[in-house]
Every structure is written in C-alpha cells, then in structure tokens.
Amino acid sequence: LLDYANEVGKIDLLKERADRKGWPAFDSFPLPSYIREYLKKPEISELIREKGIKAETLAYSKDSVTTLKLKKVFDNLSPYVGIPSRIKKFLELTEHLFFDEVTKVKVKNSPQLVYDLEIPRTHNFVGGQGIVFSNTIIQHQLCRWSDADIIIMVAAGERGNEVAELLNELPELEDPKTGNPLMERTVLIANTSNMPVAAREASVYTGITIAEYFRDMGLDVALMADSTSRWAEALREMSARLEEMPGEEGYPAYLGSRIAAFYERAGQVKCKGKNEEGSLTVIGAVSPPGGDLSEPVTQNTLRTTKVFWSLEDELANARHFPAIDWLNSYSLYTEDLDDYLDEEIGRSFREDRVEAMRILSKEAELEEIVRLVGFEALSEDDKLIMETAKVIREDFLMQNAFDEVDTYTSLEKQSNMLGEIMSFYRKGKKQVEDGTEIKEVATEEEKERLSNLKFEEE
C-alpha cells in the first residue's frame, strides 16, 4: 500500500499541503484505550511528572493525537521504563498512517451501492456503517495456509478492479509450502460484473468442473466462489428473460436446488483406477444486500452448508480481524472432529473450546449491564469473566495477517494458547472465591504475558 501511495505521489502531496496550510495534524488518529490505560498507571504517571514529559493530556483526553507527539512521548519514556511489545508494534504502524483533511462533505440519504473506499488522485469516499466491507484478506489467507494442493478462485460477477487487484497480488504472495509465488498453484475464473449474464451464470460451474478435474487426479482442491450472491442474481436475470415463474424476491423457484447441487459436488472421493484419494472443499462468499441474513440466497445456502462464518462490519470497524463473529458463526463438523482432535492434541482442547465459548456468550449478556451501570457494579466473578473474554477476543481470536508469526497458528499452538488463557481463568476463579480482588488477579504483567503468546515462534 505504501509503495502504491508513493507511486502516485499521494504522501508527498499530503506533506506538501500540510506544510503549505500550516496544518501539522494530517497524521492524527484516536489513541487506543490500552495506551491510555498504560499512561494512567501510577508508576508511569509519576515518572511522567518527575521527568517533565508532556503526556498528561494523552491519558485522559479523548482528542486525536499526532504520530510525532506520540513518538516523542515514548522516546522520552523508553530510557526509564520498558515499553510493552503491543505498544511498540502500534508505534511502528503509526509511521505508515496518513489521513486526508476533510474539505467537503456530501450526504446522500438514499440506498446506494458503494464499492470504492478510495479513488487515487481524485477523491476519497467515507461511507456510513455497513456500506464498505471486504473479505479479500481472509481469502488470501485461506489460499496461502489451507491444506490444499490446488486453489480455484471464481470471481462471479466481481468488479473488474478487484479481479485486476487479485491478479496483481497473487504472484506477489509467497506460497509457504514451496516458497514460490502462490499463483503457480492457483486457477482464477474471471467473470466480472460487466460480462454477459450467461457468462456470470456459468462461472461457478466452470470453476467446480475444473476443481473436479484436479480432484480426480488425487489432489486436494479448495474452491472459493466470490460471490454466490452475484451468481444468484445472474440466475434471476436469466430466469426473467426466459419468462419463468419468479419465486421469493424475484429469484427463480429452483434457486434452492441449484445452490444445493453446487455445494453437494464437494467431498472426498477415491480415484477410479488408482489407490489415491482426492478431495474438493467449497468455500462460498455470500453478500446479502444490507446485511439481511433472511434473504433467499443466504437462507438457501445455510440449509445446505454445515459451516457458517458471519463477517461483521462492527468488528471490522473496531479493527478486529478476521472480523468473524464468534456468536453467530458455527460449524456442524465439531463432533466429527472430536476423535481426531483428542488423538492429535488431547481432550483438553475440546473442553477449553467449550468453556471459552461459554465465557464469550456470558460476556455478551454482561455488556448490557456494563453499559447501564458500569464495570465496577459487577460482581468479582463477572469482572473475571469480562477480563477473560477480552483476552480471548484480543489475544486468541484476533490475528494480524501481516505479522510473520501471527499470520498462521498451528493446531498445537492454538491448543497451548487457549490452555494458558483458560488456566488463567480457572486460577483466577479460585482466587476470587477466596476473596481476592480482580485487579490483583488480572494484573498488567499477566495480561501482557498472555498477549505475547501469539507472537512466540513455534
């Protein structure tokens, strides 16, 4: 992104404009809560006052802060105290943050599809909640790290600029298995939104037929269809032209059977004439208009598939990636995997997973109470649940696709990380029952230790 920004000269233009207008805060941003909490710690506050470091307002003000000011504060602190690794990583990221000055705001109070967050050299678009959403990084990660020999990507009705971006990025992504470009084992079926409707309607069938060809060679194949919603829209348009009887929301009456027939072509097979097995896994991206999960394409897909990842814009807005909602998402394969998991990593992982989900569900119930009466009104048991849930969310479920270590986590490391977090909860629960306050249980040192687990190399 930085290379591209430099290529179009955007960063230089920003700096030049900032100097010309006397506007130094072009790189200002909201300060994360964990940095404010760090600056509020008694020993840090005392050190700030003692050394005359100008940082008192940062801890308590909700105003945005500039990169320069934040860097200066921690440069002054670092000779006297160790800076947590999480804050160090944030400081590194701030070197690459630039924000345009808002010069004009135009509000449109009507439904409108918005696809481009930024158009270089012309203007920026900032959409309302739920308008801009992307699953591209998740697809890239699945391509890189899935246990598959061949990747088939079907762009069914995708925008041309996204397909072009994919073509540019795939050769740049390194295949962790071979070290070669990921493009070498990837097949891309490109049927963009401006192509004939018949081509869009045929795109997923083309992709899955090619996938079955490789599967019958004894290979493991992963097919990603993005998006099946636009494929269904092509079906609707074809059906209308054929003057067929429309079903719900204008989709053809056979929409459900077509979706089922597509997904049911996935599975594991024994190759005829060979003592080899091949497999085909289908991952479909559904883009319901306005996030309405009750619309026909989503509902027919859920009736057929046994795994559902709900990508939530609220998580993406909160910078929680991957933005998969842990309460709405589910898998019906867990029981089938129990024996394998027990054999490979032990029964404890299954028990920890169930307990972690219970804690996250309880946290969702307690959040309403916290909004009404505040965190301090909770019992010590409930405070422990809130603290543990926060650790699970931020230090286990959240991943950084651009970090060399955190980009991929093996099953064994996942088990060890979750085991450490649940051990912290069980020990804390016993301490709370014995009368210990939560601030003595969930210490900064303990939370720092748990947050660093994800960055430990395997």
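Conventions adopted
- Residues numbered from 1 in each chain as written.
- Predicted model: local features only at pLDDT ≥ 70, side-chain atom pairs only at ≥ 80, totals over all residues.
- Heavy atoms only, no water.
- Helix = DSSP H or I, 4+ residues; strand = E, 2+ residues; numbered from the N terminus.
- Buried < 20%, exposed > 50% of the residue type's maximum accessible area, 1.4 Å probe, protein only.
- Contact = heavy atoms within 4.5 Å.
- Areas by Shrake-Rupley, 256 points an atom, 1.4 Å probe, with all protein chains shown as cover.
- Salt bridge = Lys/Arg side-chain N within 4 Å of Asp/Glu carboxyl O.
- Axes fitted to C-alpha atoms, helices over the stretch in contact; angles between N-to-C directions.
- Parallel < 35°, antiparallel > 145°, perpendicular 65-115°, else oblique.
- Left-handed = near helix turned anticlockwise from the far one by under 90°.
- Pairing = 2+ DSSP bridges.
- Core = buried A, V, L, I, M, F, W, Y, C linked by side-chain atoms within 4.5 Å.
- Phe/Tyr/Trp six-rings, centres within 6.5 Å; stacked < 30°, edge-to-face > 60°.
- Lys NZ or Arg CZ within 6 Å of the ring centre and 35° of its normal.
- Expected span 1.5 Å × (residues − 1).
- Patch = residues over 30% accessible without salt bridge, like charges linked within 9 Å, V, L, I, M, F, W, Y side chains within 5 Å.
- Nonpolar A, V, L, I, M, F, W, Y, C, P; charged D, E, K, R; others polar.

**Description of the overall build of the protein**
Then, in step 1: From N to C terminus, the protein includes 20 helices and 11 strands.
Then, in step 2: Within the protein, buried positions represent 38% of all 458 residues.
Then, in step 3: For the protein, contacts bridging at least 24 residues in sequence account for 68% of all contacts bridging at least 6.
Then, in step 4: Entry remark: accessible area of the protein is about 27,200 Å², with carbon and sulfur atoms responsible for 51%.

**Quick look at the pattern of salt bridges**
Then, in step 1: This model, assessed by the stated rule, comprises 32 salt bridges.
Then, in step 2: Linking aspartate 403 and lysine 89 is a salt bridge whose minimum nitrogen-to-oxygen distance equals 3.1 Å. Note that aspartate 403 is positioned in the loop between helix H17 (380-397) and helix H18 (411-433) and lysine 89 in helix H7 (residues 85-94), a separation of 314 residues in sequence.
Then, in step 3: On the accessibility criterion, aspartate 403 (12% relative accessible area) is buried.
Then, in step 4: A salt bridge links aspartate 175 to arginine 185; its shortest N-O distance comes to 2.6 Å. Of this pair, aspartate 175 sits in the loop between helix H9 (160-169) and strand E6 (186-192) while arginine 185 sits in the loop between H9 and E6; the two residues are 10 residues apart in sequence, bridging distant segments of the chain.
Then, in step 5: With a relative accessible area of 11%, arginine 185 lands in the buried category.
Then, in step 6: Put simply, Asp338, Asp342, Arg347, Arg350, Glu351 and Arg353 are held in one network by salt bridges that share partners.

**Section: the packing of H17 against H18**
Then, in step 1: As a packed pair, H17 and H18 sit with axes 10 Å apart at the nearest point and diverge in direction by 165°. Taken together, H17 and H18 sit at an angle that is classed as roughly antiparallel. Here H17 runs over H18; the crossing is right-handed. Of the residues in H18, those touching H17 at Glu380, Asp381, Leu384, Ile385, Thr388, Val391, Ile392, Asp395 and Phe396 are Gln414, Met417, Leu418, Ile421, Met422, Phe424, Tyr425, Gly428, Lys429 and Val432.

**Side note on the sheet that holds strand E8 (residues 267-270)**
Then, in step 1: Spatially, E6-E5-E7-E9-E8 is the arrangement adopted by the five strands of the open sheet, whose pairing is mixed. Unpaired on one side and paired on the other, E6 and E8 mark the two borders of the sheet. The mean inter-strand angle of the sheet, taken between neighbouring strand axes irrespective of direction, is 15°.
Then, in step 2: Across four bridges, E8 lies against strand E9 (residues 277-285) in antiparallel orientation. Counted as the bridge partner of glycine 267 is leucine 280 from E9.
Then, in step 3: Those strands touched by H9 are strand E5 (150-158) and E6, and its axis lies near 165° from that of E6.

**Considering the nonpolar core**
Then, in step 1: Residues Ile359, Ile392, Ile421 and Met422 are the most contacted members of the largest nonpolar core, which totals 30 residues.
Then, in step 2: Of all the secondary structure elements, the ones that give two or more residues to this core are helix H14 (313-317), helix H16 (347-373), H17, H18 and helix H19 (438-441).
Then, in step 3: Isoleucine 421 has contacts with Thr388, Val391, Ile392, Phe396 and Leu450, leaving out every residue within four places of it along the chain.
Then, in step 4: Formed by 23 residues, the second largest nonpolar core is a distinct cluster that contains Val154, Trp231, Phe262 and Val297.

**Examining the packing of aromatic side chains**
Then, in step 1: The full count for this structure, using the stated rule, is seven aromatic pairs.
Then, in step 2: Consider the rings of tryptophan 145 and tyrosine 408, whose centres lie 4.5 Å apart with planes at 10°: the pair is stacked. A residue pair is termed long-range when its members are at least 10 positions apart, and tryptophan 145 in helix H8 (residues 136-145) and tyrosine 408 in the loop between H17 and H18 qualify at 263 residues.
Then, in step 3: Residue tryptophan 145 is classed as partly exposed on the basis of its relative accessible area, which comes to 28%.
Then, in step 4: Note on tyrosine 408: relative accessible area 37%, which makes it partly exposed.
Then, in step 5: Between tryptophan 231 and phenylalanine 262 the ring centres are 5.7 Å apart and the planes differ by 50°, which places this aromatic pair in the tilted class. With a gap of 31 residues between them, tryptophan 231 in helix H11 (residues 228-241) and phenylalanine 262 in helix H12 (residues 255-263) connect regions that are remote in the sequence.
Then, in step 6: Relative accessible area serves as the criterion here: at 1%, tryptophan 231 is assigned to the buried category.
Then, in step 7: The ring of tyrosine 34 has arginine 86 lying over it, and the distance from NZ or CZ to the ring centre is 3.9 Å.

**Overview of helix H13 (residues 296-304)**
Then, in step 1: Buried residues of H13: Pro296, Val297, Thr298, Asn300 and Thr301, and no others.
Then, in step 2: Turning to H13, the residues buried within the fold contact H11 and H12.

**Observations regarding H17**
Then, in step 1: With 18 residues, H17 should cover 26 Å at 1.5 Å per step; its first-to-last C-alpha distance of 24 Å lies within 8% of that length.
Then, in step 2: The buried fraction of H17 amounts to 14 of the 18 residues, a majority that puts the element mostly inside the structure.

**Focus: a nonpolar patch on the surface**
Then, in step 1: Residues Val307, Trp309, Tyr333, Leu337 and Tyr340 make up a contiguous nonpolar surface patch of about 490 Å² in total accessible area.
Then, in step 2: Within the fold, valine 307 resides in strand E10 (residues 307-308).
Then, in step 3: For valine 307, a relative accessible area of 35% gives the class partly exposed.

**A look at the packing of H16 against H18**
Then, in step 1: At a minimum axis distance of 9 Å, the contact between H16 and H18 shows a crossing angle of 55°. Regarding the angle of H16 to H18, the classification is oblique. In terms of crossing hand, the pair formed by H16 and H18 is left-handed. In contact with Phe349, Asp352, Arg353, Glu355, Ala356, Arg358 and Ile359 of H16, H18 contributes Leu411, Gln414, Ser415, Leu418, Gly419, Met422, Tyr425 and Arg426.
Then, in step 2: Along the lines of polarity and charge, the residues of the contact of H16 with H18 split into seven nonpolar, three polar and five charged.

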